[in-house]
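Listed here are the chains, written in short residue letters.
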Amino acid sequence: RKSMMNPNALIIHPDRLLPTLVRDEKKEQKGWGYWTRKIKETFTSVREKVIGDEKYNEYEQKIKEHSETLSSAWNDSQNYHVVKIRGMIDRLNMQTESSKAMQIIQDDFGDFWVEDFLPDFDAHLCPLIVRAYLNDDLEFLNTVCVGEAQVFCKNMIEARIANNQMLAPDILWIHDADLIETKLHNKKPQLVIRAEVQCVDCVYERGTDKVLEGSPSTVATNVFVMVLEPNVDEEYVNTVPLPWQIRSLTTARQRQIV
């Protein structure tokens, strides 16, 4: 009490101290519920400023339409600079995909080189495929073909059988195959191969020597474009000379102009 009589003494009344204590107590009580409420209030405020009273699906649809408009404008633009940039992006994507596909092939087969593969393909697999196609050997084609290629071969052979026709089975020359593209499909590497085969340009009546189209003395070039995928299945490797199967197959015949 003597100190309170000192003119320099600091006196704090309990009523003045109470609000400070209460504030400190409230700060200590800021738990999960407080911050959840605070985040919700902030999110609601931001939402109202950005999309107003619109629903999320309405705003999402609006963004989608706007992005489609921008994408269409980019793809259809004939501006010189835009065209150049699109070309650069396409080339970069193709190079990246091709490199990735080749890396997967080399990981699967070890020492794989296109320079070694193409001669093996020309010598061991391509003649079997062409011969089976010309001779309507659906059993072998069903083994070496999958997916689109299998359906294509089946439809072509069934159409020839229905029309009572057969192709001349003679193969005169098989040119060296070309690798057109290396790509990825569903994370599987693919090789797009183009092979030209010179054959007798003649269609016979099935089971006879009667000529229905062409002539035994004329030559046509059959172009085979095949999309190959690796198949290292043990049973398949024991049946087919190379561990590659055909995913897609198209053919075209180029006749000589006399």
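Residues numbered from 1 in each chain as written. Predicted model: local features only at pLDDT ≥ 70, side-chain atom pairs only at ≥ 80, totals over all residues. Heavy atoms only, no water.

A. Structural view of the overall build of the chain. Regarding its fold elements, the chain presents 8 helices and 6 strands. For the chain, the sequential pattern of α-helices and β-strands runs α-α-α-α-α-α-α-β-β-β-β-β-α-β. Expressed as a percentage of the 258 residues in the chain, the buried residues total 26%. Look at the contacts in the chain between residues 6 or more apart in sequence, and 59% of them connect residues 24 or more apart. If you sum the accessible surface of the chain, you get close to 18,200 Å²; carbon and sulfur atoms cover 54% of it. (Helix = DSSP H or I, 4+ residues; strand = E, 2+ residues; numbered from the N terminus. Buried < 20%, exposed > 50% of the residue type's maximum accessible area, 1.4 Å probe, protein only. Contact = heavy atoms within 4.5 Å. Areas by Shrake-Rupley, 256 points an atom, 1.4 Å probe, with all protein chains shown as cover.)

B. Looking closely at helix α7 (residues 148-162). Helix length check: α7, at 15 residues, gives a terminal C-alpha distance of 21 Å against a target of 21 Å (1.5 Å per residue), a fit within 8%. Every buried residue of α7 is accounted for by A149, C153, I157 and R160. Around the axis of α7, the buried residues are gathered within 60 degrees of arc, so they sit on the same side. In α7, the exposed positions that point more than 90 degrees away from the buried face belong to E148 and A162. In this fold, the buried residues of α7 make contact with α5 (114-134), α6 (138-144), β1 (165-167) and β6 (244-255). After α7 finishes, the residue N164 shows a positive phi value of roughly 60 degrees. (Expected span 1.5 Å × (residues − 1). Arc of directions from axis to C-beta.)

C. Representation of α5 in the model. Largest kink in α5: about 45 degrees, centred on F121. Of the residues flanking the end of α5, it is D136, one or two places downstream, whose phi is positive at about 55 degrees. (Bend = angle between axes of the 7 residues up to and from the residue.)

D. Local environment of the nonpolar core. Ranked by size, the top nonpolar core spans 38 residues in total, and within it F117, F121, M226, L228, W244 and I246 carry the most contacts. Ranked by residues supplied to this core, first place goes to α5 with 11 residues. For I246, the contacting residues outside a window of four places in its chain are I129, V144, C145, V146, A149, M226, V227 and L228. (Core = buried A, V, L, I, M, F, W, Y, C linked by side-chain atoms within 4.5 Å.)

E. Layout of the state of the cysteines. By the definition in use, this model includes 0 disulfides. The thiol of C145 is unpaired, and the distance to the nearest cysteine sulfur, on C153, comes to 4.1 Å. Accessibility expressed as a relative area gives 1% for C145, which makes it buried. (Disulfide = S-S within 2.5 Å.)

F. Summary view of the environment of V144. Examined against the element boundaries, V144 turns out to sit in helix α6. Residue class for V144 comes out buried when judged on its relative accessible area of 0%. Sequence separation between V144 and Q245 is 101 residues; the distance between their C-alpha atoms is 5.2 Å. Setting aside its immediate chain neighbours within four residues, V144 contacts L125, Y236, V240, W244, Q245 and I246.

G. Spotlight on the packing of aromatic side chains. In the structure shown here, the tally under the stated rule is 3 aromatic pairs. Put simply, the rings of F117, F121 and W244 pair up and form one aromatic cluster. Lying across the ring of Y133, R160 places its NZ or CZ 5.0 Å from the centre. (Phe/Tyr/Trp six-rings, centres within 6.5 Å; stacked < 30°, edge-to-face > 60°. Lys NZ or Arg CZ within 6 Å of the ring centre and 35° of its normal.)

H. Representation of the side chain of N231 within the structure. Take N231: it is sitting in the loop between β5 (211-230) and α8 (234-239). The class of N231 is buried, set by a relative accessible area of 15%. For N231, the side chain forms a polar contact with the main-chain nitrogen of D233, separated by 3.1 Å. A distance of 2.8 Å separates polar atoms of two side chains, one belonging to N231 and the other to Q245. (Polar contact = N/O pair within 3.5 Å; in protein donor to acceptor, adjacent residues only side chain to side chain.)

I. Representation of the side chain of E229. Relative to the elements of secondary structure, E229 occurs in strand β5. Polar side-chain contacts of E229 include one of 3.2 Å to the side chain of R247. Setting aside chain neighbours within four positions, we find E229 in contact with H185, K188, P189, Q190, P243, W244, Q245 and R247.

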